[in-house]
Amino acid sequence: MKLQLSFLTNAKNSLGNLPIHKTPLYVLVLSVFIIFTIIASLTCYTLLITEHTLEKAKLHQLELIGQFNLEGSLTKSLARAEIIASIPRVREIFASGKRDQLAAELKDMYGIQEEKYGIALAQFHVLPAISFLRLNALDKYGDDLTFRPIITQAQSEQIPLKGISITRTGPALVGVAPMRAPNGNFIGTFEFGQTFKMLTDSLKSAYGIESAVFFDEELLKKMATGANPAIFSVKNRFGNYIKTDSTNWDLLSQIIDPGEINSHHEMKPFVRDFDGNHYGLVVIPLKNAAGAKIGSMVLINDLNINRDTTRNLCVLVSLFSLFGAVLISSILVVVIKGGILRPVAELSDHFERLADDPKQSKPINPDDFRGTVKSLADSYTKLRAQKTSPQSKDS
């Protein structure tokens, strides 16, 4: 009997202090929040890596677009040059040396090309690299053009060439085609040159890409003797280079550094933040036919959408993780308190009553409980039966 009473006393002491068992519940809830925090952190980290990968791909695409359109402009110039060089009537007049007649023959053609396609020059050259006729400047001819590698190479090898060249009137994307007399003899070359303005404008209209073109100031002053003097103004000077064309100079002049244009090493695409915006930049070196760097073209594109999307997704992931942690924790609290602690608390109350006064104890149905709690309920039922039995009263 003393043993049984001792058991009741121990049960009363252990089950009556249920608040102590809230600590594991707190640990469990905290663990849920930690797990969801780790999940959110890993997800955001993955999103940042994905953003960086997409950013690199976007920069590579920007570079490819610039190179593709640059090459496309050069190809168009060469195609126009070869078309003119293949016209029998033009070959005949050029071979006869009739400058005025040649100018009259091509005057209308050049006017249309200049107006619609931004043709900067159309010029015939006789051997050895001497200007015979400039359709863009009829009164200027007879000057030596050996300072332009693309013409000397095209004449020496008698092949068509395309490339970037600083002409008397300024930089141009040119195509040079060999000219042959009706009898097949090589008699000179013809070139078509397109302005960079057409290229920069097309990049902006087709792709939304802002761009600027720079050329070495010393080379420009030496070669482009017929260029507009305003091009050499202070506002166009950028380090050792002159900005000849641009679509958004106010933006580009504040993002790009002169040292990045003047660099003799090819620069990899890079990103830069300015005024709260995120930009990708590509610097494409411009080389002449001899392979020497004479300028640079800078392309800039807005990358805000990638960064903003990543930030928004990270915020959403964080919010969903917080919501999930709160929801799961709430469910755990309800399940544990309602499904485990509440039955234990009820049994604790029954044990207390049984220990204090068996007459005040109430019967319970052990089948209403599950698991370990059911074992306790069975123990309570047996113990109560013993305490309330006649034999127990007699004793």
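Our structure is the block above this text.
Just so it is clear, the structure is predicted and the values come from calculations on it, not from any experiment.

Chemist: Please give an account of the overall build of the protein that cites residues and values.
Modeler: Across its full length, the protein carries 12 helices and 11 strands. A buried classification covers 42% of the 395 residues belonging to the protein. Long-range contacts, defined here as pairs at least 24 residues apart, represent 61% of the contacts in the protein between residues at least 6 apart. Accessible area for the protein stands at about 21300 Å²; split by element, carbon and sulfur atoms hold 58% of it.

Chemist: Go over the packing of aromatic side chains with me, naming the residues and quoting the values.
Modeler: Within this structure, the stated rule accounts for 8 aromatic pairs. Taking the centre distance of 5.7 Å and the plane angle of 55° together, the rings of Phe214 and Trp249 count as tilted. You can see Phe214 sitting in strand β6 (residues 210–216) and its partner Trp249 sitting in helix α8 (residues 249–255), a full 35 residues away along the chain. For the residue pair Phe214 and Trp249, the accessibility class agrees, reading buried in each case. Clustering of aromatic rings is evident, with ring pairs tying together Phe94, Phe124, Phe132, Phe190 and Phe192. Across the ring face of Phe132, the terminal group of Arg99 is positioned such that the distance to the ring centre comes to 4.6 Å. Here the guanidinium or amino end of Arg99 rests over the ring plane of Tyr141, the centre of that ring lying 3.8 Å away.

Chemist: Explain helix α4 (residues 99–117) residue by residue, including any values.
Modeler: At Leu106, α4 is bent by approximately 45°, the largest bend along its length. Those residues of α4 that sit buried are Leu102, Ala103, Leu106, Tyr110 and Gln113. Looking one or two residues past α4, Gly118 carries a phi angle of roughly 65°, positive in sign.

Chemist: Which residues make up the nonpolar core, and what are the values?
Modeler: Counting residues in each nonpolar core, the largest one holds 26 residues, and the members touching the most others are Leu70, Ile164, Phe196, Phe215, Leu286 and Leu299. Element by element, the count of residues in this core is highest for helix α2 (residues 22–85), at 4 residues. Discounting chain neighbours no more than four positions away, the residues touching Leu286 are Leu70, Ile164, Phe196, Val213, Phe214, Phe215, Ala292, Lys293, Ile294, Gly295, Ser296 and Met297. One finds Phe94, Ala122, Phe124 and Met179 within the second-largest nonpolar core, a separate group that totals 20 residues.

Chemist: Could you give an account of the sheet that holds strand β3 (residues 161–167), naming the residues involved and the relevant values?
Modeler: Reading across from one edge, β2-β1-β5-β4-β3 is the order of the 5 strands in this open sheet, with antiparallel pairing throughout. Unpaired on one side and paired on the other, β2 (130–134) and β3 mark the two borders of the sheet. Here the strands of the sheet are splayed against their neighbours by 35° on average, with no regard to which way each runs. Bridge count between β3 and strand β4 (residues 170–180): 7 bridges; the pairing is antiparallel. Across the sheet, Ser165 pairs through a bridge with Ala172, a residue of β4. Its contacts with the sheet put helix α5 (residues 149–157) on β1 (119–126), β3, β4 and β5 (186–194), and the angle it makes with β5 is roughly 145°. Together, β3, β4 and β5 form the strand contacts of helix α6 (residues 196–207), whose direction differs from that of β4 by roughly 115°.

Chemist: I'd like to hear about a nonpolar patch on the surface, residue by residue, with values.
Modeler: Taken together, Leu313, Val315, Leu316, Leu319 and Phe320 make up a surface patch of nonpolar side chains, about 480 Å² in accessible area. For Val315, the location among the structural elements is in helix α10 (residues 304–356).

Chemist: For unusual backbone geometry, give the residues involved together with the corresponding values.
Modeler: In this chain, Leu127 is followed by Pro128 through a cis amide linkage whose omega measures -5°. Note that Pro128 resides in the loop between β1 and β2. The phi angle at Ala129 is positive, at roughly 55°, despite the residue not being glycine. Looking at where Ala129 falls in the secondary structure, it is placed in the loop between β1 and β2. Notably, Gln158 is not glycine yet its phi reads approximately 55°, a positive angle.

Chemist: I'd like to hear about the side chain of Thr200, residue by residue, with values.
Modeler: Of note, Thr200 is situated in helix α6. By relative accessible area, Thr200 is classed as buried at 1%. Residue contacts for Thr200: discarding those within four places in its chain leaves Ser211, Val213 and Thr247.

Chemist: Outline the environment of Glu210, listing residues and values.
Modeler: Secondary-structure assignment places Glu210 in strand β6. Measuring from C-alpha to C-alpha, the distance between Glu210 and Asn248 comes to 6.2 Å, with 38 residues separating the pair along the chain. If near-sequence neighbours (up to four positions away) are discounted, Glu210 is found in contact with Lys204, Thr247, Asn248, Val298, Leu299 and Ile300. Of note is the side chain of Glu210, whose polar atom sits 3.4 Å from the side chain of Lys204.

About the cut-offs
- Residues numbered from 1 in each chain as written.
- Predicted model: local features only at pLDDT ≥ 70, side-chain atom pairs only at ≥ 80, totals over all residues.
- Heavy atoms only, no water.
- Helix = DSSP H or I, 4+ residues; strand = E, 2+ residues; numbered from the N terminus.
- Buried < 20%, exposed > 50% of the residue type's maximum accessible area, 1.4 Å probe, protein only.
- Contact = heavy atoms within 4.5 Å.
- Areas by Shrake-Rupley, 256 points an atom, 1.4 Å probe, with all protein chains shown as cover.
- Phe/Tyr/Trp six-rings, centres within 6.5 Å; stacked < 30°, edge-to-face > 60°.
- Lys NZ or Arg CZ within 6 Å of the ring centre and 35° of its normal.
- Bend = angle between axes of the 7 residues up to and from the residue.
- Core = buried A, V, L, I, M, F, W, Y, C linked by side-chain atoms within 4.5 Å.
- Pairing = 2+ DSSP bridges.
- Axes fitted to C-alpha atoms, helices over the stretch in contact; angles between N-to-C directions.
- Patch = residues over 30% accessible without salt bridge, like charges linked within 9 Å, V, L, I, M, F, W, Y side chains within 5 Å.
- Salt bridge = Lys/Arg side-chain N within 4 Å of Asp/Glu carboxyl O.
- Polar contact = N/O pair within 3.5 Å; in protein donor to acceptor, adjacent residues only side chain to side chain.

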